[in-house]
Amino acid sequence: MSGKILIVEDELKLAELLGDYLRQGGFEPLHVADGLDAVPTVRDEKPDLVLLDLMLPGKDGMDICKEVRSFSSVPIIMITARVEEIDRLLGLELGADDYICKPYSPREVVARVKAVLRRSGAAAIQDQGLTLDEARYSATLRGVSLDLTAVEFKLLQILVASPGRIFSRSQLMDRIYPDERIVNDRTIDSHIKKLRKKIAASAPGEELIHSVYSVGYKYEVE
Ligand code: CA
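Q: Would you explain the overall build of the protein chain in this entry?
A: The helix and strand tally for the protein chain stands at 8 helices and 12 strands. Its C-alpha atoms give the protein chain a radius of gyration of 19 Å, near enough to 17 Å, the size a compact globule of 222 residues would have. C-alpha atoms of the protein chain, sized along the principal axes, occupy 55 × 35 × 30 Å. Residue burial in the protein chain is summarised as follows: out of 222 residues, 44% are buried. When contacts within the protein chain are restricted to residue pairs at least 6 apart in sequence, long-range pairs at least 24 apart make up 55% of them. With the model as given, the accessible surface of the protein chain reaches about 11800 Å², and the carbon-plus-sulfur share is 49%. Positive and negative charge centroids in the protein chain, built from 30 and 36 side chains respectively, lie 5 Å apart.

Q: Hey, could you run me through helix α6 (residues 150-161) in this one?
A: For an α-helix, 3.6 residues make a turn, and residues three or four places apart therefore share a direction. Helix length check: α6, at 12 residues, gives a terminal C-alpha distance of 16 Å against a target of 16 Å (1.5 Å per residue), a fit within 8%. Considered for burial, the residues of α6 that qualify are Glu152, Phe153, Leu155, Leu156, Gln157, Ile158, Leu159 and Val160.

Q: Looking at this model, I keep getting lost on the domain arrangement of the protein chain. Mind explaining?
A: The figure often quoted for interface size is the accessible area lost as the parts come together. Under the domain assignment used here, the protein chain contains domain 1 (4-119) and domain 2 (125-219). For domain 1 and domain 2, the distance between their C-alpha centres works out to 29 Å.

Q: I keep staring at helix α8 (residues 186-202) and nothing clicks. Help me out?
A: Over its 17 residues, α8 runs 25 Å from end to end, which matches the ideal 24 Å to within 8%, given 1.5 Å per residue. Every buried residue belonging to α8 is among Ile188, Asp189, His191, Ile192, Leu195, Ile199 and Ser202, and all of these are buried. Within α8, the buried residues cover an arc of 165° as seen down the axis, which keeps them to one side. Among the exposed residues of α8, those oriented more than 90 degrees off its buried face are Arg186, Lys193, Lys197 and Ala201. Against β8 (138-141), β9 (144-145), α6, α7 (169-176), β11 (209-212) and β12 (216-219) lie the buried residues of α8.

Q: Can you walk me through the coordination of the calcium ion in this structure?
A: Six octahedral donors around a metal ideally subtend angles of 90 or 180 degrees, whereas four tetrahedral donors ideally subtend 109.5 degrees. Surrounding the calcium ion are the protein donor atoms Asp10 (OD), Asp53 (OD) and Met55 (O), which sit 2.1 to 2.3 Å from the metal. We note that the donor set of the calcium ion lies within a single chain, spaced as D-x42-D-x1-M. Among the residues examined, Asp53 registers a relative accessible area of 4% and is labelled buried. On the basis of relative accessibility, which here comes to 66%, the residue Met55 falls in the exposed class.

Q: For this particular structure, what's the right way to read the confidence of the model for the protein chain?
A: Caution applies to low-pLDDT parts of the model: their predicted coordinates are not meant to be read in detail. Scored by pLDDT, the protein chain has a mean of 86; 92% of the residues are at 70 or more. Across residues 122-127, where pLDDT falls below 50, the model places 13 contacts with residues more than four positions away in sequence or in other chains.

Reading the values: the criteria
Residues numbered from 1 in each chain as written. Predicted model: local features only at pLDDT ≥ 70, side-chain atom pairs only at ≥ 80, totals over all residues. Heavy atoms only, no water. Helix = DSSP H or I, 4+ residues; strand = E, 2+ residues; numbered from the N terminus. Rg over C-alpha atoms; globule rule 2.2 N^0.38 Å. Buried < 20%, exposed > 50% of the residue type's maximum accessible area, 1.4 Å probe, protein only. Contact = heavy atoms within 4.5 Å. Areas by Shrake-Rupley, 256 points an atom, 1.4 Å probe, with all protein chains shown as cover. Lys, Arg positive; Asp, Glu negative; His and termini not counted. Charge placed at Lys NZ, Arg CZ, Asp CG, Glu CD. Expected span 1.5 Å × (residues − 1). Domains from an automatic or database assignment. Arc of directions from axis to C-beta. Donors = N, O, S within 2.8 Å, 3.2 Å for Na, K, Ca; no water. pLDDT = per-residue confidence, 0-100.

Written out as structure tokens, the structure reads:
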């Protein structure tokens, strides 16, 4: 795997260490230490992914994340020194793709970078004329918009990212509602039902999402 990774981190030793690991992983690391430099660098350098520390001089990670999201869908991994902060960040829906808590192992960060890049690569998948645009939560099938809700979009995205893999209802639920425990698993069935209906309306006879009896669902093009 390769790509330009922008590290926004004011602790220079940490940034250097991370840079070394990323380079070993085949990536091209860039680094800025001041929050004020982050957004202009994203604009100029067009990185493939941003590792964004939360507490920064100049401008904090939350403001940077919001600003970047106004013009770019580059994957962002947010880094915070406090694990309690992650819940709050998730609630704010800043549009970050993943969160990592300090202290971390650089090896773990590289693994997460790879995972996020794989996932976002799948977002641009063009399979049987199916296009997913994560920044807009929009999906088109052979040029026809499917007009999905956010939950339907996420379900489709998860399934499409792993063709042929069977997901149980609870696996899908965990991914869609990571911090809610009281969602009935029939909720997934009803979202899938609507999703399939929308696919069938755009492409009659096209079955992309298959139910696997008593197990769950999978995406497969026949
Ligand atoms: Ca910091």
